[in-house]
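Coordinates in review
The chain contents come next:
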Amino acid sequence: MQGMTLEQSFDRVDSDLRRRRWGSALAIGLIGAIALSGCSGESGSPAEAVPDSTVQVVDSAPVVDSVVDEVAAPEPFMILVTNDDGVGADGLDALVNALLELEDVMVTVVAPAENQSGSGGKTTDGTLQVSDATTKSGYPAKAVVGFPADSVIWALEQGGIDFIPDLVVSGINEGQNYSFEIAPLSGTVGAARAAAMRNVPSVAVSQGLGEPPNYPASVDAVIAWIEANRDALQTRQDGEPTPTFVSINVPTCAEGTTLRGVVEVPMGSLDGTDYNASNCASTVTPDSDVTGFQNGYGVITELTVDAPPFTE
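The model shown is predicted, which means the values in this text are computed figures rather than measured ones.

1. Structural notes on the overall build of the chain
Counting its secondary structure elements, the chain contains seven helices and nine strands. For the chain, the proportion of its 312 residues judged to be buried stands at 46%. Long-range contacts, defined as pairs at least 24 residues apart, comprise 76% of the intrachain contacts of the chain with a sequence gap of at least 6. Accessible area for the chain stands at about 16,100 Å²; split by element, carbon and sulfur atoms hold 53% of it.

Put into structure tokens, the structure is as follows:
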């Protein structure tokens, strides 16, 4: 089953109930037909009456249950999508379209109404203004007048959605957000951190600058990460402490070169290096998100919500 909206999941439940009722009626009809056939002999004449003392009452309920018993449909994987480039951004659109291709998912989009790049973990005091919107491809969304973290807070704490997501995905941002110096400034990272602070697993996804940004590369990286972690995410207990979250940064390689791969590395410091550099023809072995990104790798970094580089 492909990705579905909340309304489509209700339709599937209704369809399952109708099939069960039809199966029950069919099973009861079959039992009745068998009982009637037992009242005639081979010639079609009435069979001899059976003394009342030998009549046995058979409980048919187990038979009906065995006929209509079905394997329960899997619960959909619930994904909340946000970003900091705004609800109409190309990166968010590419991400949503890819997530909808996964089996048994429900994708909900709540994102800033306008571009809020560089807003980090900022939040807005007072009542948030929210309106109906769509992604660039027309997928239903909610647009929040505020920062990326506001979108998460409205969804999770202010009744914006009526479920607890299995995962919050923030992105895909236009531009990289790696290193100790830059990650805290990123609204993409700030939204993912806001989710983790509320005990919901999250991942921030950023695509390195280029003309145009190679969004398919970061789509591949985040889909692979979700598939590798989906079972654990979907079976965890709601409210279970979530002290860490994940940030994925993928460079846009120069023409004629390709991404060298995706590696899990710790966060590093720029130390005067070129933040926009990315040499996909390099042979350097990475030891941090800085050396990884700058030498042609997509980098996956685990961040802790209450440890450097984050400060309140």
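2. What about the pattern of salt bridges?
Oppositely charged side chains can form a pair if their charged atoms are brought close together. Applying the stated criterion to the full structure yields three salt bridges. Where Lys 136 meets Asp 90, a salt bridge forms, and the shortest distance between an N and an O atom there is 2.6 Å. Residue Lys 136 is found in the loop between strand S3 (129-134) and strand S4 (140-145), and its partner Asp 90 is found in helix H3 (residues 90-99); the two are separated by 46 residues along the sequence. For Lys 136, a relative accessible area of 55% gives the class exposed.

3. Re the confidence of the model for the chain
With 77% of its residues at a pLDDT of 70 or more, the chain shows a mean pLDDT of 85. Per-residue pLDDT stays below 50 along residues 6-51; that stretch engages in 32 contacts with residues further than four places along the chain or on separate chains.

4. Here we look at the side chain of Arg 193
Checked against the element boundaries, Arg 193 lands in helix H5 (residues 187-197). At 2.7 Å, the side chain of Arg 193 forms a polar contact with the backbone oxygen of Val 305.

5. A look at the side chain of Thr 301
Structurally, Thr 301 is set in strand S9 (residues 297-304). Thr 301 sits in the buried class, given a relative accessible area of 3%. Polar side-chain contacts of Thr 301 include one of 3.4 Å to the backbone oxygen of Val 265.

6. Things to note about H3
The buried count for H3 comes to seven of ten residues, which makes it a mostly enclosed element. The set of residues buried in H3 consists of Gly 91, Leu 92, Asp 93, Leu 95, Val 96, Ala 98 and Leu 99. Buried residues along H3 sit in contact with strand S1 (77-82), strand S2 (105-112), strand S5 (167-174) and helix H6 (215-235).

7. So, the sheet that holds S1
Reading across the sheet, the nine strands line up as S3-S4-S2-S1-S5-S6-S7-S9-S8 and stay open at both edges, with mixed pairing between neighbours. The sheet is open, and its two borders are formed by S3 and strand S8 (261-264), each paired with just one other strand. Between one strand and the next, the sheet's axes are offset by a mean angle of 25°, whatever the strand orientation. Examined bridge by bridge, S1 and S5 share four bridges and lie parallel to one another. The residue of S5 that forms the bridge with Thr 82 is Ser 170. Sitting on the sheet, helix H4 (residues 148-157) touches S1, S2, S3 and S4, and the angle it makes with S2 is about 130°. The strands that H6 touches are S1, S2, S5, strand S6 (202-207), strand S7 (244-250), S8 and S9; relative to S5, the one it contacts most, it runs at about 170°.

8. Quick word on the packing of H3 against H6
The N-to-C vectors of H3 and H6 enclose an angle of 45°; their axes lie 10 Å apart at closest approach. The orientation of H3 relative to H6 falls into the category oblique. Handedness of the H3/H6 crossing: right-handed. For the pair formed by H3 and H6, the contact residues are Asp 90, Gly 91, Ala 94, Leu 95, Ala 98 and Leu 99 on the first element and Tyr 215, Val 219, Val 222, Ile 223 and Ile 226 on the second. Its residues placed into classes, the contact of H3 with H6 shows nine nonpolar, one polar and one charged.

9. What about the state of the cysteines?
Counted by the stated rule, this structure contains one disulfide. Here Cys 253 engages in a disulfide with Cys 280; their sulfurs sit 2.0 Å apart. Looking down the S-S bond of the Cys 253 and Cys 280 bridge, the torsion is -80°, so its handedness is left-handed. Taken together, the residues span a long stretch of sequence, with Cys 253 in the loop between S7 and S8 and Cys 280 in the loop between S8 and helix H7 (289-294) at a distance of 27 residues. Across this residue pair, the class does not change: Cys 253 and Cys 280 are buried.

10. What to know about the environment of Val 96
Of note, Val 96 is situated in helix H3. As a C-alpha pair, Val 96 and Tyr 139 span 43 residues in sequence and 8.2 Å in three-dimensional space.

11. With respect to the packing of H4 against H5
Axis separation between H4 and H5 bottoms out at 7 Å; the angle between their running directions is 25°. Here H4 lies roughly parallel to H5, going by the angle between them. Between H4 and H5 lies a crossing whose hand is right-handed. Contact residues: Pro 148, Ala 149, Val 152 and Leu 156 in H4; Gly 187, Gly 190, Ala 191, Ala 194 and Ala 195 in H5. Its residues placed into classes, the contact of H4 with H5 shows seven nonpolar, two polar and no charged.

Calculation rules
- Residues numbered from 1 in each chain as written.
- Predicted model: local features only at pLDDT ≥ 70, side-chain atom pairs only at ≥ 80, totals over all residues.
- Heavy atoms only, no water.
- Helix = DSSP H or I, 4+ residues; strand = E, 2+ residues; numbered from the N terminus.
- Buried < 20%, exposed > 50% of the residue type's maximum accessible area, 1.4 Å probe, protein only.
- Contact = heavy atoms within 4.5 Å.
- Areas by Shrake-Rupley, 256 points an atom, 1.4 Å probe, with all protein chains shown as cover.
- Salt bridge = Lys/Arg side-chain N within 4 Å of Asp/Glu carboxyl O.
- pLDDT = per-residue confidence, 0-100.
- Polar contact = N/O pair within 3.5 Å; in protein donor to acceptor, adjacent residues only side chain to side chain.
- Pairing = 2+ DSSP bridges.
- Axes fitted to C-alpha atoms, helices over the stretch in contact; angles between N-to-C directions.
- Parallel < 35°, antiparallel > 145°, perpendicular 65-115°, else oblique.
- Left-handed = near helix turned anticlockwise from the far one by under 90°.
- Nonpolar A, V, L, I, M, F, W, Y, C, P; charged D, E, K, R; others polar.
- Disulfide = S-S within 2.5 Å.

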